[in-house]
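# An overview of the molecular structure
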Amino acid sequence: ACASTGIAPNVIVDSAHYNQGHVLAFADAADVLASGGSDGFIRLWRLPDGAPVAGWRAHENSVYGLVFLQRDRALLSAGYDGRLAVWQRDGRLERERITPSPITAFTVDEPRDIVLTGHEDGRVRQWRLADLTLAAEWVLHRDYVRAVALHRATDRFASSGADGQVFVWRTHEPPRALAAPPTDARDLVFMPDGEHLLGGGWFKLFRWEVASGALKVLPTEHGGIVVSLHLGTDGRTLASISRQLDSAVYFLDPETGATVRRFQRHDLCGEHVRLSANGRYLATTADDSSVRIWDLLEPKK
């Protein structure tokens, strides 16, 4: 276990999942937090107190994608079982699609009707959100896809793989490789201008200039793999969490990698970090199976 330093969470939900917690999603209204775990369950937690609201078995094994839809009336989940599924908030299934390969990465652009998935077979697939039908497919990686990202204003997509490669492309352009990072990029996030792409690896923050493909490797205080990143809607607050020798939770400067704010570590390897759209809440989950919630407007005394 790691020493507990930094700002303590307002809420700790112990044993939120039967094993590891994998993914988190805030409702746009920031009244509910959803979590998905290696147990295949989706669980909903009321904000700000973290009281349980609902829970159901959504996938046969790990949940690797989760997002609220339809002004928070529904959720879309993605799993290692290869399944995409839309659920009502009480767990009733609305529609589903079984994809050709286990899903290992996931992002959504609801206004553009896009679901982007990365898979065990190294392919990236685009689906129409409205009916979950396949719209496009790219054969990119020689190993499974670690992360996918999209940027609405510039129509850019990005992916990283366990083969160490990182690609960017637009809908009607062929994918282009960026400079290879020193270690696999575990997560990807576009900066608001769409001209820079961030990634996380062992101890470091990666920052690519998309036009040239050039890479800056930025040091961080993380003592392990920076496994999850989330850029707040203000375009400046970059939340991060790490694993493998570390479970630290920080706000980083996206320009330099410097630590801006420190939060209490998890007891075991970190897995996922998310900020609410209104900037009030920070949430994390980890291999210790807990979900932790910080109220940034009313920090714990």
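Read on for an overview of the structure. None of the values given here were measured: they were computed from a predicted structure.

### Thoughts on the pairing of strand β7 (residues 74-79)
- Counting buried positions along β7 yields six of six residues, so the element is predominantly enclosed.
- Neither face of β7 is open: one carries A74, L76 and A78, the other L75, S77 and G79, and all of them are buried.
- One ladder, built from six bridges, connects strand β6 (residues 63-69) with β7; its direction is antiparallel. For V67, the partnering residue across the bridge sits in β7 and is L76.
- As consecutive antiparallel partners, β6 and β7 are separated by four residues, and within that stretch Q70 has a phi angle of approximately 50°, a positive value.

### Observations regarding the pairing of strand β27 (residues 281-286)
- Across the six residues of β27, six count as buried, placing the element largely inside the fold.
- Burial along β27 is two-sided: the face carrying Y281, A283 and T285 and the face carrying L282, T284 and A286 are both buried.
- A loop of five residues connects strand β26 (residues 270-275) with β27, the two strands running antiparallel in sequence, and G279 in this loop sits at a positive phi of about 80°.
- By the bridge criterion, five bridges tie β27 to strand β28 (residues 291-295) in an arrangement that is antiparallel. Within β28, the residue paired with L282 across the bridge is W294.

### As for the sheet that holds strand β20 (residues 204-209)
- Here four strands make up an open sheet; going across it, the order is β18-β19-β20-β21 and the pairing antiparallel. The open sheet has two edge strands with one neighbour each: β18 (188-190) and β21 (215-219). Across the sheet, the mean angle separating the axes of adjacent strands is 25° when strand polarity is ignored.
- The pairing of β20 with β21 spans five bridges and is classified as antiparallel.

### So, the sheet that holds strand β11 (residues 114-119)
- With antiparallel pairing, the four strands of this open sheet are ordered in space as β10-β11-β12-β13. Edge positions in the sheet fall to β10 (103-109) and β13 (134-139), since each of these pairs with one other strand and no more. Between one strand and the next, the sheet's axes are offset by a mean angle of 15°, whatever the strand orientation.
- Relative to β11, β10 is paired through six bridges, and the arrangement is antiparallel.

### Examining unusual backbone geometry
- Residue P48 follows L47 across a cis peptide bond; omega there is 10°.
- Inspection of the secondary structure puts P48 in the loop between β4 (41-46) and β5 (52-57).
- Positive phi values are uncommon outside glycine, yet S15 reaches one of about 50°.
- Given the relative accessible area of 58%, S15 is considered exposed.
- At Q70, a residue that is not glycine, the phi angle is positive and equals roughly 50°.
- Inspection of the secondary structure puts Q70 in the loop between β6 and β7.

### Section: the nonpolar core
- Within the largest apolar cluster, 15 residues are counted, with the highest numbers of intra-cluster contacts made by I42, L44, W56, L66, F68 and L75.
- The set of elements that each furnish at least two residues to this core consists of β2 (21-26), β3 (32-37), β4, β6 and β8 (83-88).
- For this core, the element with the most residues is β6, which contributes three residues.
- Apart from the residues within four sequence positions on either side, L75 is in contact with A34, L44, W56, L66, V67, F68, L69, A85, V86, W87 and R89.

### Remarks on the packing of aromatic side chains
- Scanning all chains against the criterion turns up 11 aromatic pairs.
- A centroid spacing of 5.8 Å and a plane angle of 45° characterise the contact between F157 and W169, whose relative ring orientation is tilted. One end of the pair, F157, is in strand β15 (residues 156-161); the other, W169, is in strand β16 (residues 166-170), and 12 residues separate them in sequence. W169 matches F157 in its accessibility class, with the two residues each being buried.

### Examining the pattern of salt bridges
- Inspection of every chain in the model, using the stated rule, returns 23 salt bridges.
- The salt bridge involving D49 is made with R46; its shortest N-O contact spans 2.4 Å.
- Put simply, R125 and E137 hold a salt bridge, and the shortest N to O gap is 3.2 Å. Of the two residues, R125 is situated in strand β12 (residues 123-128) and E137 in strand β13; the sequence distance between them amounts to 12 residues.

### Some remarks on the side chain of S160
- Tracing the backbone through its elements, the reader meets S160 in strand β15.
- Contact partners of S160, with chain neighbours within four places excluded, come to H141, V145, R146, A147, Q165, V166, A185 and L188.

Conventions used here
- The residue count restarts for each chain, going from 1 along the sequence in the order it is written.
- The predicted nature of this model means local features are confined to residues of pLDDT at least 70 and side-chain atom pairs, given and counted, to a pLDDT of 80 or more, with totals for whole chains, interfaces and linings taken over all residues.
- The basis for the side-chain values is all heavy atoms of the structure; hydrogens and waters are excluded.
- Note on classification: 1.4 Å probe, protein chains only; a residue is buried when its accessible area is under 20% of the maximum for its type, exposed when over 50%, partly exposed between these limits.
- What counts as a helix is a DSSP run of H or I of at least four residues, what counts as a strand is a run of E of at least two, and both are numbered from the N terminus.
- A pair of strands is treated as paired once DSSP finds two or more bridges between them.
- Interaxial angle, 0 to 180 degrees, is taken between N-to-C directions of lines fitted to C-alpha atoms, where a helix line uses only the stretch in contact.
- We call a set of buried residues a nonpolar core when its members are Ala, Val, Leu, Ile, Met, Phe, Trp, Tyr or Cys and they connect through side-chain atoms within 4.5 Å of each other.
- It only takes one pair of heavy atoms within 4.5 Å for two residues to be counted as in contact.
- We call Phe, Tyr and Trp rings a pair once their centres come within 6.5 Å, taking the six-membered ring for Trp, and we label the pair stacked below 30 degrees between planes, edge-to-face above 60, and tilted otherwise.
- In what follows, salt bridge is the name for a side-chain nitrogen of Lys or Arg lying within 4 Å of a carboxyl oxygen of Asp or Glu.

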